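The chain contents come next:
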Amino acid sequence: MGMGGPSGGGGGGGRRRRRKRSGVMSEINVTPMVDVMLVLLIIMMVAAPMMTSGVSVDLPRTAAGDMASQTRPITVAVTPEGAIFVDETPVTEADLVATVGTLATVEDRVFLRGDTTANYGTVMRVMGLLSAAGYTKIGLVTERER
């Protein structure tokens, strides 16, 4: 009681302890980045429909499905005259599914090659016949532009 120091405990002799200064903050504050990304996303969602332009075309209907990968493909080609070939063998539309069935199972990949001057409807009809027969792994073959 007669010690001469300030009362109130703490034993610091009346001095306040200073907090150590923290080092450089190494964490990234992602909130501003998320805000900017959301604004850009909204801008793109509004602007994207305005960027599409094209000619109104009556497209043929087909039952084509998605394509998956496989090792050995069967090639079906459509010439400008409308002739159909299965791996170098000419076939008719009526015999197409039977001929492809002898060479491949439904799980195999089928490559469809259509000449640039071939009738679009004929190429899509061939694709529709293959798709209706259960061939869902149909790929359209193209060449790269130079």
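Residues numbered from 1 in each chain as written. Predicted model: local features only at pLDDT ≥ 70, side-chain atom pairs only at ≥ 80, totals over all residues. Heavy atoms only, no water.

- Per an unreviewed UniProt entry, the protein carries the name ExbD/TolR family protein and comes from Devosia sediminis.
- For the protein, the Sequence similarities (unreviewed entry) comment in UniProt is given as "Belongs to the ExbD/TolR family." (UniProt positions renumbered as here; feature names shortened; annotations may be inferred.)

1. A closer look at the sheet that holds strand β5 (residues 138-140)
Okay, step 1: Read from one edge to the other, the open sheet built from 5 strands follows the order β3-β2-β1-β4-β5, with strand pairing classed as mixed. Each of the sheet's edge strands pairs with one partner strand only, and the pair in question is β3 (89-91) and β5. Mean inter-strand twist for the sheet, computed between neighbouring axes without regard to direction, equals 30°.
Okay, step 2: Pairing analysis gives 5 bridges linking strand β1 (residues 74-78) to strand β4 (residues 110-114), with the strands arranged parallel. Opposite Thr75, over in β4, you have Phe111 as the bridge partner.
Okay, step 3: Sitting on the sheet, helix α2 (residues 93-103) touches β1, β2 (84-86), β3 and β4, and the angle it makes with β2 is about 10°. (Pairing = 2+ DSSP bridges. Helix = DSSP H or I, 4+ residues; strand = E, 2+ residues; numbered from the N terminus. Axes fitted to C-alpha atoms, helices over the stretch in contact; angles between N-to-C directions. Contact = heavy atoms within 4.5 Å.)

2. Topic: the pairing of β1
Okay, step 1: Alternating residues of β1 divide into Ile74, Val76 and Val78, all buried, and Thr75 and Ala77, none buried.
Okay, step 2: Hairpin connection between β1 and β2: a loop of 5 residues separates the two successive antiparallel strands, and Gly82 in this loop has a positive phi of roughly 95°. (Buried < 20%, exposed > 50% of the residue type's maximum accessible area, 1.4 Å probe, protein only.)

3. As for the nonpolar core
Okay, step 1: Ranked by internal contacts, the top residues of the largest apolar core, which has 19 residues, are Val76, Val86, Leu96, Val100, Leu112, Val126 and Leu130.
Okay, step 2: Every element with two or more residues in this core is listed here: β1, β2, α2, β4 and α3 (120-132).
Okay, step 3: Ranked by the residues each element gives to this core, the list is headed by α3, at 5 residues.
Okay, step 4: Apart from residues no more than four positions distant in its own chain, Val86 is found in contact with Ile74, Thr75, Val76, Val91, Leu96, Thr99, Val100 and Leu103. (Core = buried A, V, L, I, M, F, W, Y, C linked by side-chain atoms within 4.5 Å.)

4. A few points about the layout of surface pockets
Okay, step 1: Counted as a void, the second largest pocket has a volume near 150 Å³.
Okay, step 2: Forming the walls of the second largest pocket are Leu112, Gly114, Asp115, Thr116, Ala118, Tyr120, Val123, Met124, Leu140, Val141 and Thr142.
Okay, step 3: Residue assignment for the lining of the second largest pocket shows that the elements contributing at least two residues are β4 and α3.
Okay, step 4: Per-element accounting of the lining of the second largest pocket gives the leading share, 3 residues, to α3.
Okay, step 5: In terms of residue class, the lining of the second largest pocket is made up of 7 nonpolar, 3 polar and 1 charged. (1 Å grid on protein atoms, 1.4 Å probe; cavity = no way out; pocket = protein on both sides within 12 Å on 5 of 7 lines; lining within 4 Å. Points joined across faces, edges and corners; volume = space filled by probe spheres on them. Nonpolar A, V, L, I, M, F, W, Y, C, P; charged D, E, K, R; others polar.)

5. Re the packing of α2 against α3
Okay, step 1: With their axes 10 Å apart at the nearest point, α2 and α3 run at an angle of 45° to one another. As far as their axial angle goes, α3 and α2 are oblique. Considering only the axes of α2 and α3, their crossing is right-handed. Of the residues in α3, those touching α2 at Glu93, Leu96, Val97 and Val100 are Arg125, Val126, Leu129 and Leu130.
Okay, step 2: Class assignment for the residues of the contact of α2 with α3 results in 6 nonpolar, no polar and 2 charged. (Parallel < 35°, antiparallel > 145°, perpendicular 65-115°, else oblique. Left-handed = near helix turned anticlockwise from the far one by under 90°.)

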